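Structure at a glance
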Amino acid sequence: MKNVFYISYNGLLEPILPSQAIPYLKILSKNGYRFILLTFEKTKDLKKIGKKGLKNIENSLEKDGIIWKHLRYHKYPDKISTFLDIAIGFFVSLYLMVKHKADIIHVRGATPGVITLFLPKSIKSKVLFDTRGLLAEEYAGGGLWKEGGLFFNLVKAVEKKLLKRADAVVVLTEKHYKKLICLPGLKEKNLPI
């Protein structure tokens, strides 16, 4: 059995993970994989579902071979809160990876991916970087960041390091694949995407 540590900055109490990730985690758990899922949950979602609802979800997932742990998602102060989440997520992730002897680390997006960049060399887990899209470009395209600005450049640098660190990468489109495979360091690596 392979132990997979799956970390997502999206919450399990939001629609995206239950619809996109949980179904395939359940199938894989029946085929020799055990999942430790770490998510970041928004306060409003935690209040809405309550402690009993959280326990029901934990128990349901556990029956399917998925251990679910969650941290609180912080929105304020803007940007600093993300660094706080990453710092807390790093220590919790390190503990969970060691405790459950993670063979594979599946990071869904650049934000939780940052955690893998700070892991000690003694953690020999393979890294699957589920990038979906390029975060800096998405934020610039949405008008949230200025292309070439501080946060745009910071996230671009992080994404580049994550792509070099990854043992495998998940993308959604052929166009995205062609853009990534041409980056220096990836072409020579023959990275499976």
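Scroll up a little and you will see the structure.
The text that follows walks through the structure, step by step, so that each part is easy to find.

1. Side note on the overall build of the protein
Helix and strand counts for the protein stand at eight helices and six strands. Starting at the N terminus, the α and β elements of the protein follow one another as β-α-β-α-β-α-β-α-β-α-α-β-α-α. The C-alpha radius of gyration of the protein comes to 17 Å, within 12% of the 16 Å expected for a compact globule of 193 residues. Its C-alpha atoms put the protein at 45 × 40 × 30 Å along the principal axes. Counting all 193 residues of the protein, 42% fall into the buried class. Of the contacts formed within the protein by residues at least 6 apart in sequence, a portion of 68% connects residues at least 24 apart. As displayed, the protein offers around 11,000 Å² of accessible surface, 60% of which is attributable to carbon and sulfur atoms. The average position of the 34 basic charges and that of the 17 acidic charges among the side chains of the protein differ by 3 Å.

2. Some thoughts on the sheet that holds strand β5 (residues 126–132)
The strand order across the open sheet built from six strands is β3-β2-β1-β4-β5-β6, with neighbouring strands paired in parallel fashion. Edge strands, defined here as strands with exactly one partner in the open sheet, are β3 (66–72) and β6 (168–171). Across the sheet, the axes of successive neighbouring strands diverge by a mean angle of 15°, strand direction being ignored. Sheet topology note: the strand β1 (residues 2–8)/strand β4 (residues 104–108) ladder contains five bridges and is parallel. Bridging from a neighbouring strand, Y6 pairs with H106 of β4. Contacting β1, β2 (33–41), β3, β4 and β5, helix α1 (residues 16–29) crosses the sheet at an angle of about 165° to β2. Here helix α2 (residues 43–63) sits on the sheet and contacts β2 and β3; the angle it forms with β3, its principal contact strand, is near 165°.

3. Re the nonpolar core
Counting 36 residues, the largest nonpolar core has F5, I7, I105, F129 and V169 as its most contacted members. With five residues, the top contributor of residues to this core is helix α6 (residues 150–165). Core analysis: the second largest hydrophobic core is formed by 14 residues, Y6, L17, F35 and I66 among them.

4. Brief notes about the packing of aromatic side chains
All chains considered together, the criterion is met by three aromatic pairs. Ring pairs connect the aromatic residues Y9, F40 and Y73, which therefore count as one cluster. It is K42 that lies over the ring of Y73; its NZ or CZ is 4.5 Å from the centre.

5. Some details on the packing of helix α4 (residues 110–117) against α6
Interaxial distance between α4 and α6 falls to 10 Å at its minimum, and their mutual angle equals 60°. One element, α4, and the other, α6, form an angle in the oblique class. Remark: the crossing between α4 and α6 carries left-handed chirality. Here A110, G113, V114, T116 and L117 of α4 come into contact with α6, specifically with V158, E159, K161, L162 and R165. Residue composition of the contact of α4 with α6, grouped by class: five nonpolar, two polar and three charged.

6. Points about unusual backbone geometry
Y76 connects to P77 through a cis peptide bond whose omega is -5°. Counting through the fold element by element, P77 comes out in the loop between β3 and α3 (80–99). Of note, the phi angle at K101 is positive, near 50°, even though the residue is not glycine. One can find K101 in the loop between α3 and β4. Given the relative accessible area of 63%, K101 is considered exposed.

Conventions adopted
Residues numbered from 1 in each chain as written. Predicted model: local features only at pLDDT ≥ 70, side-chain atom pairs only at ≥ 80, totals over all residues. Heavy atoms only, no water. Helix = DSSP H or I, 4+ residues; strand = E, 2+ residues; numbered from the N terminus. Rg over C-alpha atoms; globule rule 2.2 N^0.38 Å. Buried < 20%, exposed > 50% of the residue type's maximum accessible area, 1.4 Å probe, protein only. Contact = heavy atoms within 4.5 Å. Areas by Shrake-Rupley, 256 points an atom, 1.4 Å probe, with all protein chains shown as cover. Lys, Arg positive; Asp, Glu negative; His and termini not counted. Charge placed at Lys NZ, Arg CZ, Asp CG, Glu CD. Pairing = 2+ DSSP bridges. Axes fitted to C-alpha atoms, helices over the stretch in contact; angles between N-to-C directions. Core = buried A, V, L, I, M, F, W, Y, C linked by side-chain atoms within 4.5 Å. Phe/Tyr/Trp six-rings, centres within 6.5 Å; stacked < 30°, edge-to-face > 60°. Lys NZ or Arg CZ within 6 Å of the ring centre and 35° of its normal. Parallel < 35°, antiparallel > 145°, perpendicular 65-115°, else oblique. Left-handed = near helix turned anticlockwise from the far one by under 90°. Nonpolar A, V, L, I, M, F, W, Y, C, P; charged D, E, K, R; others polar.

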